Amino acid sequence: MSNYSIPYGKQDITEADIAAVVEALKSDYLTTGPRVEEFEVKFAEYIGAEYAVAVANGTAALHLCALALGVEPGKRVITTPITFSASANCVRYCGGEVWFADIDPETLTLDIDRVRELIESKPAGFFAGIIPVDFAGYPVDLEAFRKLADEHGLWIIEDACHAPGGWFTDSKGEQQWCGNGNYADLAIFSFHPVKHIASGEGGMITTNNRELYERLSMLRTHGITRDRGNLRYPDHGGWYMEMQQLGYNYRIPDILCALGTSQLSRAKAGMQRRQEIAQRYDEAFQGAPGILKAHGVPASDIRHAFHLYVIEVADRRGLYDYLREQNIYAQVHYVPVHTMPYYQDIGYNEADLSRSEEYYAGGLSLPMYPTLTEEEQDHVIAHVKAFIGG
Ligand SMILES: *Cc1c(COP(=O)(O)O)cnc(C)c1O
């Protein structure tokens, strides 16, 4: 018996967050106002990208990226099965085809060798792009993916929903923050409450490409522009605005950007806590009997953002159920996307995805969020050990 109820992830809302939202509510803007741009500028600064476009959610961000890069029927895009389905669905929204490549069992991210094999098994021009995912917060080596993409004329959308604040070190010894736009054409983030920065619903696209930035800004709001210098028919009058492409209403409200900006100001502290929690899980689980793998703190030239701390065990269902009985709500990320009935029904490539399926058989995400206390974490560790040890 215990009084704990511990989810796998949880937002942290402070008095300062609440005050920021109240201030927005009292201002002249509820939808698109100054707080949208403030959030974009500060977020871009945080991760080191030139441009950012805030949107309604991470899925909308993915959809707009696919549109902006010209996904349409006949275009084929490669992604990982170990991700939230939206990483693949964005290709389908535009009528494109999703091809899956298997993961590296150590990093749980897209295996570049498998991607290369898939590309090279087809004629030149067969694929249009790659969507790598910084799964659990592990930063994908995008320098290597950029090289591969350039060899074959592909674009890259980095799904960095799990990894704001994560980075890898490139061949010049420089830290490359997830989503900074140095290697991927576009990157996307989500501000769903289980992610690092919560705005309720919310998403962000980042890029260093000015042309893509401008296209995305228009697509976010119906494909409409009021920019006088950019009108096909500039002579109508002051009221005139022009719809130049088929866009959507994927805007994010000012109210939510107020919350996002306030949360962003604590992102560094939150990342620090996630590192400490991961370190403590490592001490408990690395090499422990019954733990097949603990996906913990990697080599020092990488900063894992630890959206999730994932272990692999033999009896995952047993452990999951046992923890639930203790009110510890561990979670599974993810049911491989290619096994979803929708993708089974439309058919996908017959690549060997056995590593993804093996990972799925044993993977479990343990509670990981900045306000998880040491006492709560000890409680989680004790129960995991009680189950697998006994
Ligand atoms: C959360 C998430 C998304 C979708 O974001 P939403 O804001 O929920 O639409 C996409 N990809 C990954 C990897 C995610 O974790």
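- As recorded by an unreviewed UniProt entry, the protein carries the name UDP-4-amino-4, 6-dideoxy-N-acetyl-beta-L-altrosamine transaminase and is attributed to Neolewinella marina.
- On record in UniProt, under Sequence similarities (unreviewed entry), the comment for the protein is "Belongs to the DegT/DnrJ/EryC1 family."

### Some thoughts on the UniProt feature "modified residue: N6-(pyridoxal phosphate)lysine" (unreviewed entry) in the protein
Inference 1: According to UniProt, the "modified residue: N6-(pyridoxal phosphate)lysine" (unreviewed entry) feature falls on Lys-195.
Inference 2: When you line up the elements, Lys-195 lands in the loop between strand E9 (186-190) and strand E10 (203-207).
Inference 3: For Lys-195, the residues in contact, after removing those within four places along its chain, are Cys-161, Ser-190, Arg-274 and His-307.

### Let's talk about the domain arrangement of the protein
Inference 1: In terms of domain boundaries, the protein breaks down into domain 1 (15-266) and domain 2 (268-389).
Inference 2: Taking only C-alpha atoms, the centre of domain 1 and the centre of domain 2 are 25 Å apart.
Inference 3: Each partner contributes residues to the interface: domain 1 has 40 residues there, and domain 2 has 37 residues.
Inference 4: Carbon and sulfur atoms make up 59% of the surface buried where domain 1 meets domain 2, a total of about 3200 Å² over both sides.
Inference 5: Applying the counting rule to domain 1 against domain 2 returns two salt bridges.
Inference 6: A salt bridge links Glu-106 to Lys-293, with the shortest nitrogen-to-oxygen separation between them at 3.5 Å.
Inference 7: Elements supplying a minimum of two residues to the side of domain 1 that touches domain 2: helix H4 (86-93), strand E4 (97-100), helix H5 (112-120) and strand E7 (167-169).

### Looking at the sheet that holds strand E17 (residues 363-366)
Inference 1: Pairing is antiparallel in the open sheet, where three strands are placed in the order E13-E15-E17. Looking at which strands have only one partner, the edges of the open sheet turn out to be strand E13 (291-295) and E17. The sheet shows a mean angle of 25° between the axes of neighbouring strands, direction not considered.
Inference 2: Here strand E15 (residues 309-313) pairs with E17 via four bridges, running antiparallel. Residue pairing across strands places Val-310 opposite Ser-365, the latter belonging to E17.
Inference 3: With respect to the sheet, helix H10 (residues 316-325) is in contact with E15 and E17, its orientation differing from that of E17 by roughly 25°.

### A word on the nonpolar core
Inference 1: The biggest cluster of nonpolar side chains holds 34 residues, and the ones touching the most others in it are Trp-155, Ile-157, Ile-188 and Ile-205.
Inference 2: Put simply, the parts of the chain that give this core at least two residues each are strand E2 (51-55), helix H3 (58-68), H4, E4, strand E6 (155-159), E9 and helix H7 (210-220).
Inference 3: Per element, the largest residue contribution to this core is seven residues, and it comes from H3.
Inference 4: When residues are assigned to domains, this core turns out to be shared by domain 1 (15-266) and domain 2 (268-389), each giving three or more.
Inference 5: Excluding residues within four positions of it along the chain, Ile-205 makes contact with Tyr-51, Ala-52, Val-53, Val-55, Ala-61, Leu-64, Cys-65, Leu-186, Ala-187, Ile-188 and Leu-216.
Inference 6: Judged by nonpolar contacts, the second largest core, of 27 residues, contains Ile-311, Val-313, Leu-323 and Val-384.

Rules used throughout
- Residues numbered from 1 in each chain as written.
- Predicted model: local features only at pLDDT ≥ 70, side-chain atom pairs only at ≥ 80, totals over all residues.
- Heavy atoms only, no water.
- UniProt positions renumbered as here; feature names shortened; annotations may be inferred.
- Helix = DSSP H or I, 4+ residues; strand = E, 2+ residues; numbered from the N terminus.
- Contact = heavy atoms within 4.5 Å.
- Domains from an automatic or database assignment.
- Buried area = accessible area lost by both parts, 1.4 Å probe.
- Salt bridge = Lys/Arg side-chain N within 4 Å of Asp/Glu carboxyl O.
- Pairing = 2+ DSSP bridges.
- Axes fitted to C-alpha atoms, helices over the stretch in contact; angles between N-to-C directions.
- Core = buried A, V, L, I, M, F, W, Y, C linked by side-chain atoms within 4.5 Å.
- Buried < 20%, exposed > 50% of the residue type's maximum accessible area, 1.4 Å probe, protein only.

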